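# Inside the fold
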Amino acid sequence: MKVLLVFVLISLAALASARKPFAARYDNFKVYRAFVEDSEQLEEFKKIHHHLQIHILHEIGGPNRSYDVIVGPLFQRAFEQVLHDLQVQYDIIVEDLQALLDESSVDEDAPMDWETYHPLDVIYDWVDEQCDQHDYLECQVIGHSYEGRPIKSVKLSKREGNKAIVIEGNIHAMEWISSATVTYILNQLINSEDEEMQRLSEEFDWIVMPMVNPDGFVYTHDVERLWRKNRRPNGYSNSSGPCYGIDMNRNFDYHWSGAGWGIEDPCDHWFGGDEPNSEREILALQEFVNSFEDGYIRAYLAFHAYGQYVLLPYGHTNTEFPPNYDQMMRIAAAFADGAEDAFGSVFTYGASGLLNYVVSGAAKDWAYGVKDIPFTCTVELRDKGTFGFFLPSNQITEVGVEVTEGLKSLVAKAVDEGIFD
């Protein structure tokens, strides 16, 4: 009987192990940068993914731009031939994607720091520890993801009557540098001895949501590093099986579904959903922001990767601009100047529909257009494409430092501009 019991236990353990998904590997996958010059090339370039298995890392916005594309060994020669036939110039910017991913690996056993990337439980444990240690932090679970994981927030408030700044992180799962930077900023606000950071933590309230997409984030650690969306089955399927997820930064109800490549394809990385505000994570975020009185939140900053941009409203158009756009540009310029002073990183700033690509349903546009928050932006962090979404972990601290310096300058300029009046 004991032998039989042991055999059953071993069999169950083996079955559980067999069911656990293995993390995808990208040995000898290359990343190409294709330079699409005109509309004719663009239309043909859009069709490549229909007959070759490739992964386009950017939404396709228009001609006269470069696009980064991941291609596996089996399709590289064919992909290069198609680009040659289309007279599309290209560079190979990453020879072996897996080798690059290994440089941004995760130390699951390391305590929270900003020298390596961390799994969700380490990040959340650190947040809980800070909340336990500081009575000026109000910490709560604002909602739960589709798979039931908590979405946590931290409100730092040391003085009554302050106006607030919201910081949002990791709405896109694969952008690990986002939550790493947001937690770096939060740590500086709580624990830094820098006089300017101490002053900022005294004179302003800070509302921080370090992880809006916990399901997708865990999935990038356990299964697929390139995953972008959340993990709710969206009710569609293709030849590979059921399709999962919504791009939650295309799901906000402000000019939803008005523009964007791939937002209507349920199996694409940028699918914005069948209707706005369909995702429980987004509803939790909105309900949390709505819980504060009007006029209290004066700035909303969403951190993403990559490209080194400060993207302002609007995203759905490149011909219309916010009424206080000039003011927002001056504040964004202050961030760029402050960030550049740290390590020389250059941030470009302006309306996202003008600088990046026209796309709708983003958090920053909802915060500005629906909540009337007078300064909102998306900060696209390092770099400009050398490593892209897969920034090595040895750059985390530098990113944190330069963004913190940019944030100091941004807040100072926003004060001068009357944003917090």
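For every chain, the first residue of its written sequence is number 1, and the numbers climb from 1 along that sequence. Reporting of local features is limited, given that this is a predicted model, to residues whose pLDDT is at least 70; pairs of side-chain atoms are given and counted only at 80 or more, and all residues count toward the totals for whole chains, interfaces and linings. The basis for every side-chain value is the complete set of non-hydrogen atoms in the structure, without hydrogens or water.

### Observations concerning the confidence of the model for the protein chain
pLDDT measures how confident the predictor is about each residue, on a scale from 0 to 100. Of the residues in the protein chain, 94% have a pLDDT of 70 or more, and the chain-wide mean is 92. Contact between two residues is taken to exist if any of their heavy atoms lie within 4.5 Å; hydrogens are not considered. With pLDDT under 50 throughout, residues 1-20 is counted as low confidence; its partners more than four residues away or in other chains account for zero contacts.

### Some details on helix α7 (residues 195-203)
The cut-offs for exposure are 20% and 50% of the maximum accessible area for each residue type, with area from a 1.4 Å probe on protein chains only; residues under the lower value are buried, those over the upper are exposed, and the others partly exposed. Under the scheme used here, helices are H or I runs from DSSP no shorter than 4 residues and strands are E runs no shorter than 2 residues, and both carry numbers assigned from the N terminus. Every buried residue of α7 is accounted for by Met197, Leu200 and Ser201. Considered in projection along α7, the buried side chains sweep an arc of 95° and stay on one side of the axis. Where α7 is buried, its residues meet β6 (150-156), α6 (176-191), β8 (205-209) and α13 (396-416). The directions from the helix axis to the C-beta atoms are what the arc is built from.

### Things to note about the packing of helix α5 (residues 120-133) against helix α8 (residues 214-222)
Two elements in contact, α5 and α8, have axes separated by 10 Å at closest approach and are oriented at 135°. Classified by the angle their axes make, α5 and α8 are oblique. Of the residues in α8, those touching α5 at Leu120, Ile123 and Tyr124 are Pro214, Phe217 and Val218. Every axis in this analysis is a line fitted to C-alpha atoms, fitted for helices over the stretch in contact. Angles between the N-to-C directions lie between 0 and 180 degrees. Here roughly perpendicular refers to angles of 65 to 115 degrees, roughly parallel to angles under 35, roughly antiparallel to angles over 145, and oblique to all remaining angles.

### What to know about a negative patch on the surface
Distance thresholds for patches are 9 Å for like charges and 5 Å for nonpolar side chains (Val, Leu, Ile, Met, Phe, Trp, Tyr), applied to residues having over 30% relative accessible area and no salt bridge. Residue exposure ignores everything except the shown protein chains as possible cover, and the areas themselves are Shrake-Rupley values with a 1.4 Å probe. The rule for a salt bridge is simple: a side-chain nitrogen of Lys or Arg has to be within 4 Å of a carboxyl oxygen of Asp or Glu. Neither His nor the chain termini are counted; the positive set is Lys and Arg, and the negative set is Asp and Glu. Charged side chains are reduced to one point each, which is NZ for Lys, CZ for Arg, CG for Asp and CD for Glu. The grouping of Asp107, Glu108, Asp109, Asp121, Asp125, Glu129, Asp132 and Asp222 at the surface amounts to a negative patch. Per-element tally for the negative patch: the top contributor is α5, with four residues. With respect to the helices and strands, aspartate 121 occurs in helix α5.

### Let's talk about the sheet that holds strand β1 (residues 30-36)
Pairing is antiparallel across the open sheet formed by four strands, whose spatial order is β2-β3-β1-β4. Every interior strand has two partners, whereas the edge strands, β2 (54-56) and β4 (89-94), have only one. Mean inter-strand twist for the sheet, computed between neighbouring axes without regard to direction, equals 30°. The pairing of β1 with strand β3 (residues 65-71) spans seven bridges and is antiparallel. Here, strands pair whenever DSSP counts at least two bridges between them.

### Concerning the packing of aromatic side chains
Any two rings among Phe, Tyr and Trp, with Trp reduced to its six-membered ring, count as a pair given centres within 6.5 Å; such a pair is stacked if its planes are under 30 degrees apart, edge-to-face if over 60, and tilted if neither. If you walk through the whole model with that rule in mind, you get 20 aromatic pairs. A ring pair is formed by tryptophan 114 and tryptophan 126, whose centres lie 5.6 Å apart and whose planes are at 85°; its orientation type is edge-to-face. Residue tryptophan 114 is found in the loop between α4 (97-103) and α5, and its partner tryptophan 126 is found in helix α5; the two are separated by twelve residues along the sequence. On the basis of an interplanar angle of 75° and a centroid distance of 5.2 Å, the ring pair of phenylalanine 288 and phenylalanine 292 is categorised as edge-to-face. Taking the relative accessible area as the measure of exposure, phenylalanine 288 reaches 6% and is therefore buried. Note on phenylalanine 292: relative accessible area 16%, which makes it buried.

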